[in-house]
Amino acid sequence: MSDKSNSTASPSAPDGTRAVVTRFAPSPTGTLHIGGARTALFNWLYARHTGGKFLLRIEDTDRERSKPEHVTAILQSLTWLGLDWDGEPLYQFARADRHRAVAAELLAAGNAYKCYLSPDELAAMRARAEAEKRAYVVESPWRDADPASAPAGVKPTVRLRTPRVGETVVADQVQGRVVIPNKDLDDMIILRSDGAPTYNFAVVVDDHDMGVTNVIRGVDHLTNTARQTQVYNAMQWSLPAFAHIPLVHGADGAKLSKRHGAQGTDEFRAMGYLPAALRNYLARLGWSHGDEEIFSTEQAVAWFDVADVGKSPARFDFAKLADLNGHYIRQTAVPELLVHLTACLKGIDALDIGVITADKKAPPRPDLALMQELATLRPDLKTGSDLLAALQLAGTDRISAAIPSLQERARSLPELATGMLYLVAQRLLQLDEKAQKLIDADARRAIADLVALFAASPTWEASALEGIVRTYAEVNGLKLGKVAQPLRAALTGRAVSPPVFDVMAVLGRDEALARLKDQM
RNA sequence: GCUCCCUUCGUCUAUCGGUUAGGACACCAGAUUUUCAAUUUGGUAAGACGGGUUCGACUCCCGUAGGGAGCGCCA
């Protein structure tokens, strides 16, 4: 991409219109925000829908805050989400010479000028504007001053010479026609005094050079677009189509932030959401296709259009995400689920269990719930990786055997793992309060009777074991629950678990009998 | 403060001047059930407010209120 960055025309689509090129342009100052993930998703969906290209640009011009590890993390998150990009990511900082060259063109054509206003002078102007309750609009005296009168030894910024009268119109595919009077738009700085290009300028040059036809980004960039439009006009470049999508808010309606429990895509992975579920949820947040709620990525690609994106901000609803996630967990085949589970457990390593649990209004953290449960059952296991190792010790075939009965009740991967804890529990099992209550004198007698019957069973299949218990209950005039619940308590240490006979089958004859005998 | 944007059940949304205002999540109740889920049946629940325009407004216009975003030599 970058080697032919001066090309202005994008390839033509078969029908003669320009082929669509979208881009996602994160700045690597942190991990991928969930709102950014949605922006990326919309760009990706639109590109795939139209058969166009989805490009990536790393906006790393802030040398202080940009970090290579953030680039890696962002790319990993996009990959995890299944959003593949075309070509190599473009690094904005590497293109500073090109940006300066365009600035020089603008200067030569008289569309930009050198401004010798100092930061102090600007601060004073802003303070005055605030005091007089006016909008802060810089009117540089250098716009029309004689360059010869420039102060010696002062490095100027370069400002765009923008129209003083009239208006700049953004024809937005989501927001509609947004009109901003030019008098409210001051002459933006395109080159800092150190020669570094500014964001609003670099974006235009890059979008143009990359052949971007459709800019889909958050509404927080709407006013930037007016400024960027002025750059396009000054260079006589054709404008891309703009679509400014509403932001994602937390449950309280404020912009999504740390206080809402999670905002990084990596955190959602640790919480055990499947990429397919997150994709489905995110797509449905602000966009709709009739009454469709659950749809495959292929369907989303087939249906997606920026015209169907709403204008109002949407609140993030963890309950709905969890419901969707449960759906996708049930849909996923065991081997694939195992892959996701492994990755998820590894991600729980660094999490501090002590944090976050205080706020009642905070969204549920299945990962933390898992760790708390683990702390009571196996205090020796401290991290998700420890648990993973313990599970692997129990045997992959056992894990696989345990999954089918668990996946239909789990709404997240950590929940799935929580349901597996009976596998790694060690004798003597620590029964929780509810489980202890289930084991009374009657229960002990029943367990003793059943242990004898089980021991005599030629097979250890769930159906056979169930037959034994059903017959026993019937003969003794007991409800099945009266017998099955104590078994559950003895086998898992909990009053809630997957079906007991599945549990017994997964544990195997020796371990199951031993746990039962422990409670006689 | 200034500029711009938004407003249908608790939440995400459908509706594109004529509907008993639909769906999904959540919630409540019933069925099913060895627990929890899953499944299934049913239920509660909405056009912010006030004016217009119109035979007729959730839908178009104006105002009010509430909410959001932007106002850097950050991105």
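Preceding this section is the structure that the text describes.
All figures in this text were calculated on a predicted structure; none of them were measured in a lab.

Visitor: Tell me about the layout of surface pockets, and name the residues and values.
Guide: Of the voids in this model, the largest pocket is the one considered here, and its volume is about 940 Å³. Taken together, 34 residues line the largest pocket, and the ones lying closest to its centre are Ala25, Pro26, Ser27, Asp220 and His221. Put simply, the parts of the chain that give the lining of the largest pocket at least two residues each are strand 1 (21-24), helix 1 (34-50) and strand 9 (214-218). Element by element, the count of residues in the lining of the largest pocket is highest for helix 1, at five residues. Grouping the constituent residues of the lining of the largest pocket by class yields twelve nonpolar, 13 polar and nine charged.

Visitor: So, the packing of helix 18 (residues 462-475) against helix 20 (residues 500-507): which residues are in play, and what are the values?
Guide: Orientation of helix 18 relative to helix 20, taken along the N-to-C sense of each, is 130°, at an axis distance of 8 Å. Taken together, the axes of helix 18 and helix 20 lie oblique to each other. Crossing geometry of helix 18 relative to helix 20 is assigned as right-handed. Two secondary-structure elements touch here, helix 18 through Ala462, Leu465, Glu466 and Val469 and helix 20 through Phe501, Asp502, Met504 and Ala505. Its residues assigned to classes, the contact of helix 18 with helix 20 shows six nonpolar, no polar and two charged.

Visitor: Describe the pairing of strand 2 (residues 53-58), and please don't skip the residues or the numbers.
Guide: Taken residue by residue, a regular strand's side chains alternate between the two faces of the sheet. Extensive coverage of strand 2 is indicated by the burial of five of its six residues. Sheet topology places strand 1 next to strand 2; four bridges connect them, and they run parallel. Across the sheet, Arg23 pairs through a bridge with Leu55, a residue of strand 2. Where strand 2 and strand 3 (residues 90-91) come together, two bridges link them in parallel fashion. In the sheet register, Ile58 faces strand 3, and the bridge partner there is Tyr91. The β-α-β motif built from strand 2, the intervening helix 2 (residues 68-81) and the parallel element strand 3 has right-handed crossover chirality.

Visitor: Run through the packing of aromatic side chains, naming residues and quoting values.
Guide: Scanning the entire structure with this criterion turns up eleven aromatic pairs. A ring pair is formed by Phe268 and Phe316, whose centres lie 5.4 Å apart and whose planes are at 55°; its orientation type is tilted. Highlighted residues: Phe268 in helix 7 (residues 265-270) and Phe316 in the loop between strand 12 (314-315) and helix 10 (318-331), separated in sequence by 48 residues. A residue is classified by how much of its surface remains accessible, and Phe316, at 4% relative accessible area, is buried. Aromatic side chains Phe295 and Trp303 sit 5.9 Å apart centroid to centroid with 75° between the ring planes, which places their arrangement in the edge-to-face category.

Visitor: Give a detailed account of unusual backbone geometry, specifying residues and quantitative values.
Guide: A cis amide bond links Arg427 with the next residue in sequence, Leu428, at an omega value of -10°. Here Leu428 is to be found in the loop between helix 15 (413-424) and helix 16 (433-438). Of note in this structure, Gln236 is not a glycine but carries a positive phi near 55°. Tracing the sequence through the fold places Gln236 in the loop between helix 6 (222-235) and strand 10 (241-245). Taking relative accessible area as the criterion, Gln236 reaches 74% and is therefore assigned exposed.

Scoring rules and cut-offs
- Residues numbered from 1 in each chain as written.
- Chains lettered and ligands numbered in written order.
- Predicted model: local features only at pLDDT ≥ 70, side-chain atom pairs only at ≥ 80, totals over all residues.
- Heavy atoms only, no water.
- 1 Å grid on protein atoms, 1.4 Å probe; cavity = no way out; pocket = protein on both sides within 12 Å on 5 of 7 lines; lining within 4 Å.
- Points joined across faces, edges and corners; volume = space filled by probe spheres on them.
- Helix = DSSP H or I, 4+ residues; strand = E, 2+ residues; numbered from the N terminus.
- Nonpolar A, V, L, I, M, F, W, Y, C, P; charged D, E, K, R; others polar.
- Axes fitted to C-alpha atoms, helices over the stretch in contact; angles between N-to-C directions.
- Parallel < 35°, antiparallel > 145°, perpendicular 65-115°, else oblique.
- Left-handed = near helix turned anticlockwise from the far one by under 90°.
- Contact = heavy atoms within 4.5 Å.
- Buried < 20%, exposed > 50% of the residue type's maximum accessible area, 1.4 Å probe, protein only.
- Pairing = 2+ DSSP bridges.
- Right-handed = clockwise from strand over helix to strand, strands pointing away.
- Phe/Tyr/Trp six-rings, centres within 6.5 Å; stacked < 30°, edge-to-face > 60°.

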